[in-house]
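Listed below, chain by chain, are the residues.
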Amino acid sequence: GRSFRSRRSGPPGSEGRWSLLPSPGAGSLLPTDTERRTALTTSLLERYGVLTRESVHAEEIPGGFSAVYPIAKAMEEAGRARRGYFVAGLGAAQFALPGADDRLRSLREEPPREESRTVVLAATDPANPYGAAVPWPERGGARPQRAAGAQVIVKDGHLAAWLGRADRNLLTFLPDSEPEASETSAAIAGALAGLVESGRRRVLLVAKVDGQDPSQSPLSPFLREAGFLPGSRGYLKRTAPRDAGESRVPSSENRVAEHALTDDA
């Protein structure tokens, strides 16, 4: 057969998307520093709704909060943003888009139990305020992090659990009283099972719960009820068998879990 010939016509490393930039002589077409910072501040306000010093620091923006504060202050003076004590304990340097404060007030009260909502978010998602706008809840032992691949389970705005990516360690933040603790445990187990049942994960292994064997955790009966099976490496839940004609490329999280189960298979 004919030998393979690369179709690359440019130098190595030139692949990818290209954008046309103004020529050096067209200086008037380049955005000014104020325009760039205004675009950055606007995008942060739209992303967070309520912009705080802590959320800017979590973005690791060069210059930190001082890079966006003058722009946010000018937007407030122009009526394009509002300033106030929207989140308790975070000082007065908080800015919000018009209407964001009204939406916060509408969610001030705890929802009825029949309207309770539990969501699973990436730990780095702007919708997760923990570790950015507000600190992680106090707990002993390991501390959660806003790391890539980690996920948080939030129940009615309260952090219920944090799931690491590589170590498969589940950290829980259960209320101290009943029946709230049991309701939160059931919500955590249901959210984890939903990751598998929805197809977001093909297999999910919970190797540790708060640093100990899952069978010794108060979460154990709720995980069993949600369809997790105990094994030598933890509690496992798989998707239902797929048709022979279907194929699916496993995600990195699925590959990590399946690799850990090699000895159990």
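For the structure itself, look to the data block above.
Residues numbered from 1 in each chain as written. Predicted model: local features only at pLDDT ≥ 70, side-chain atom pairs only at ≥ 80, totals over all residues. Heavy atoms only, no water.

Chemist: How should I be thinking about the sheet that holds strand E4 (residues 118-122) in this particular structure?
Modeler: The strands that make up a sheet pair up through hydrogen bonds in the backbone, lying either parallel or antiparallel. Taken in spatial order, the five strands of this open sheet run E4-E5-E6-E7-E9, and their pairing is mixed. Looking at the sheet topology across the chains shown, the edges are occupied by E4 and strand E9 (208-209). (Pairing = 2+ DSSP bridges. Helix = DSSP H or I, 4+ residues; strand = E, 2+ residues; numbered from the N terminus.)

Chemist: In this structure, what is going on with the nonpolar core? I would like to understand it.
Modeler: Note that soluble globular proteins tend to have their nonpolar side chains buried in a common cluster. Among the nonpolar cores identified, the biggest contains 21 residues, and Ile 153, Leu 170, Ile 188, Leu 192, Leu 204, Leu 223 and Phe 228 are the most heavily contacted of them. For this core, the secondary structure elements donating two or more residues are strand E6 (158-163), helix H5 (180-197) and strand E8 (203-206). Top contributing element to this core by residue count: H5, with seven residues. (Core = buried A, V, L, I, M, F, W, Y, C linked by side-chain atoms within 4.5 Å. Buried < 20%, exposed > 50% of the residue type's maximum accessible area, 1.4 Å probe, protein only.)

Chemist: What is the right way to look at the packing of aromatic side chains in this model?
Modeler: The relation between two aromatic rings is expressed through the spacing of the ring centres and the mutual angle of the planes. As enumerated under the stated definition, the model contains three aromatic pairs in all. With a centroid separation of 5.8 Å and an interplanar angle of 45°, the aromatic rings of Phe 65 and Tyr 69 are classed as tilted. Taking the relative accessible area as the measure of exposure, Phe 65 reaches 4% and is therefore buried. Residue Tyr 69 is classed as partly exposed on the basis of its relative accessible area, which comes to 26%. Seen from their ring centres, Tyr 130 and Trp 136 are 6.4 Å apart, and the 20° between their planes marks the pair as stacked. In this structure, Tyr 130 and Trp 136 share a single accessibility class: buried. By the ring-pair criterion, three or more aromatic residues cluster together here, those being Phe 65, Tyr 69 and Phe 95. (Phe/Tyr/Trp six-rings, centres within 6.5 Å; stacked < 30°, edge-to-face > 60°.)

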